Amino acid sequence: MGCGHKDDKASLASSQIASFSHQPHQPPSTPASKEVWKKGGRMFSILLAVHLALLACTLVSSGAFDKIAVHDYDVFFLLTVMMLIVIIWIIFYLFGTSRCPDAILCKDSHAGPIWLRGGLVLFAIFSLVMDVFKIGYYSSFYSCLSAIKIIYPIVQAIFVVIQTYFLWISAKDCVHVHLNVTRCGLMLTLTTNLAVWMSAVTDESVHKAHSKLKKNVTEDIFRWLMKVGMRSSSADECNCNSQICQIFKNGYFWLYPFNIEYSLFASAMVYVMWKNVGRFIDHHSHHIHRLKFRLFRRTFFVGIVLGLIVLVSGLGVLVLYEVQVNSSTESSKKSQALTMYYIFNIVCLGLMSLVCIGGSVIYRFDKRDMDRHKNPTRTLDVALLMGAALGQYAISYYSIVAIVASTPRDAISALNLTYALLMIAQHTFQNIFVIEGLHRQPPKEDHKHDSHQKDLYGLTFVNINAVSLRVPDGGSTLAPSTASGAEAIHPSDFVRSLTAPKKMNWRRNFLREISMFLLLSNIILWIMPAFGARPQFDNDTELNFYGDSMWPAIVDICLPFGIFYRMHAVASLLEVYIMS
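What counts and how
Residues numbered from 1 in each chain as written. Predicted model: local features only at pLDDT ≥ 70, side-chain atom pairs only at ≥ 80, totals over all residues. Heavy atoms only, no water. Axes fitted to C-alpha atoms, helices over the stretch in contact; angles between N-to-C directions. Helix = DSSP H or I, 4+ residues; strand = E, 2+ residues; numbered from the N terminus. Parallel < 35°, antiparallel > 145°, perpendicular 65-115°, else oblique. Left-handed = near helix turned anticlockwise from the far one by under 90°. Contact = heavy atoms within 4.5 Å. Nonpolar A, V, L, I, M, F, W, Y, C, P; charged D, E, K, R; others polar. 1 Å grid on protein atoms, 1.4 Å probe; cavity = no way out; pocket = protein on both sides within 12 Å on 5 of 7 lines; lining within 4 Å. Points joined across faces, edges and corners; volume = space filled by probe spheres on them. Domains from an automatic or database assignment. Buried < 20%, exposed > 50% of the residue type's maximum accessible area, 1.4 Å probe, protein only. Phe/Tyr/Trp six-rings, centres within 6.5 Å; stacked < 30°, edge-to-face > 60°. Lys NZ or Arg CZ within 6 Å of the ring centre and 35° of its normal.

A.B. asks: Help me understand the packing of helix α9 (residues 256–276) against helix α12 (residues 376–405), please; the structure alone is not making it clear to me.
C.D. replies: Helix-helix packing: each pair is described by the crossing angle between the helix axes and the interaxial distance. Viewed as axis vectors pointing N to C, α9 and α12 meet at an angle of 135°, and their least axial separation amounts to 9 Å. Classified by the angle their axes make, α9 and α12 are oblique. Crossing angle aside, the handedness with which α9 passes α12 is right-handed. Taking contact as the criterion, the partners of Ala 268, Tyr 271, Val 272, Lys 275 and Asn 276 in α9 are, on α12, Pro 376, Thr 377, Leu 380 and Leu 384. Along the lines of polarity and charge, the residues of the contact of α9 with α12 split into six nonpolar, two polar and one charged.

A.B. asks: I tried to follow empty space enclosed by the protein on my own but got confused; where do I start?
C.D. replies: Where empty space is left in the structure can be found by rolling a water-sized probe over the atoms. Scanning the model with the defined rule gives seven cavities of 30 Å³ or more in all. Taken as a whole, the largest cavity holds about 200 Å³ of empty space. Taken together, 20 residues line the largest cavity, and the ones lying closest to its centre are Leu 116, Ala 268, Thr 377, Asp 381 and His 568. Among the elements of the structure, α4 (114–139), α9, α12 and α18 (540–579) are those that each provide at least two residues to the lining of the largest cavity. Shared between two domains, the lining of the largest cavity holds at least three residues of each, these being domain 1 (39–224 + 240–281) and domain 2 (291–442 + 502–579).

A.B. asks: When you look at the side chain of Arg 183 in this model, what are you seeing that I'm missing?
C.D. replies: Residue placement: Arg 183 occurs in helix α6 (residues 179–216). Looking at Arg 183, the relative accessible area reads 0%, which means it is buried.

A.B. asks: In this structure, what is going on with the packing of aromatic side chains? I would like to understand it.
C.D. replies: Each aromatic ring pair is characterised by the separation of its centres together with the angle its planes make. Following the criterion strictly, the structure yields 29 aromatic pairs and no others. With centroids separated by 5.1 Å and ring planes inclined at 50°, the aromatic side chains of Tyr 137 and Tyr 138 adopt a geometry described as tilted. Across this residue pair, the class does not change: Tyr 137 and Tyr 138 are buried. Taking the centre distance of 6.0 Å and the plane angle of 15° together, the rings of Trp 254 and Phe 531 count as stacked. With a gap of 277 residues between them, Trp 254 in helix α8 (residues 243–254) and Phe 531 in the loop between α16 (491–530) and α17 (535–538) connect regions that are remote in the sequence. Taken together, the ring pairs in this structure connect Phe 123, Phe 126, Trp 254, Phe 258, Phe 265, Trp 526 and Phe 531 into an aromatic cluster. Looking at Arg 42, its charged tip hangs above the ring of Trp 274, at a distance of 5.4 Å from the centre.

So this is what it looks like as structure tokens:
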């Protein structure tokens, strides 16, 4: 498995390219891949990932119930082993594969953009804090716990640090050595992140179910219910009476949403790397756009101001909701909190839907070409947007059926029905706007206009009328100045170079305002369900219609996809903003 034995036979490809170098249509910078069976290597790595994912899913789901003889420390043992194997492979990749001669012949400019890697680092920091809280919580009563309960967060912290560094420096790599090993390593990394995600979602759901059940019943009944059916963590059998222990326990559960998003972000980036293994990029057709992120470039601040208003208002609604629903047993306060929550979301979703429709209309007047080049990152973005939206679609349609078929109907039911319908409409219109924005070419006018404006701004306080008076209609007097090969500029083009950007930039300005408003609105719509505002569990209509077993299972399965959709939409909208 040395560096000299390349699976793609790059030396053979380069020799054949040299022999056919007389053909002008074949660019020498893009050798043809000579891997014997590319799909075979991909298929093997996919089969490995499927089997590991099924094994992890079986253990995680079995460990959620106390009657099944699978405990949480069995799940932690499997995840620890998987993370250790991934750590070993990443070290091998960084110090072995990537340092081989001609290992990385090209890089995918679209993969791992800076805002995606920045978000990954942000979630990684919160995940590390969560692991610290876990270590502090389990260390408070280590004498009555299995050692794996303390080893797991330590290994997870090391895994997060190494994987974040690996993705930061290697997300754009197109590897051309150790192809099958790299594919299997990347698929193992992806499966490990998904397994950690499944475990975190299950732990969070069980914890919230226990908290709600414990609030509504006495301590004796709660302990009996834990023995009858639902999983009780082995840590619950130990005493956590100290204040510092309670802080650690509550702290790491509040940080679970960040760890969940980190696992999904890392999975998406690893998948793009897996698609780029053995890939050659034709730099003649694969245009690389150096986009600069300028947050306040040519903006009217309307989208930012409206988005901040929605964000701050949503935070206030979240705090009141938590106080009145999760900390109070009075039904009147619960009804007020649900009414406030639904009204805020109806207004927010309505505004977002109208804004998305307006953005799609503006795209009809946009003169930019569609980007039809092969782009695995964009393909994954579109697939994740469409796939993750199915979770919220499912919850909304279940709610619509329950509300329409149930009697009697009250004001909260009407608000819930409106909320469900607007949720479907907003996801649909936002997907259309984002996907169309991702397929647009970045603006090309800036460089053209800048080159013309440099010639103009060389004459300080130039008088356009005076210039047009001195130059004949034929433009012949400009010929001496362009004898060196530069493009001749007619005075009418000279004037249009100033006025054209003003006529064309209004569309880009509106698209930026729309993108920024949607970005901030999606952030608050991610924060609210991720940190406890989940009316699906507090509204009795769906619970009474589907039952106490079916409806919580539907929400527990579908809601994580809806939460992930919001955060992925934030990343996609940021890219649309930068490309506008």
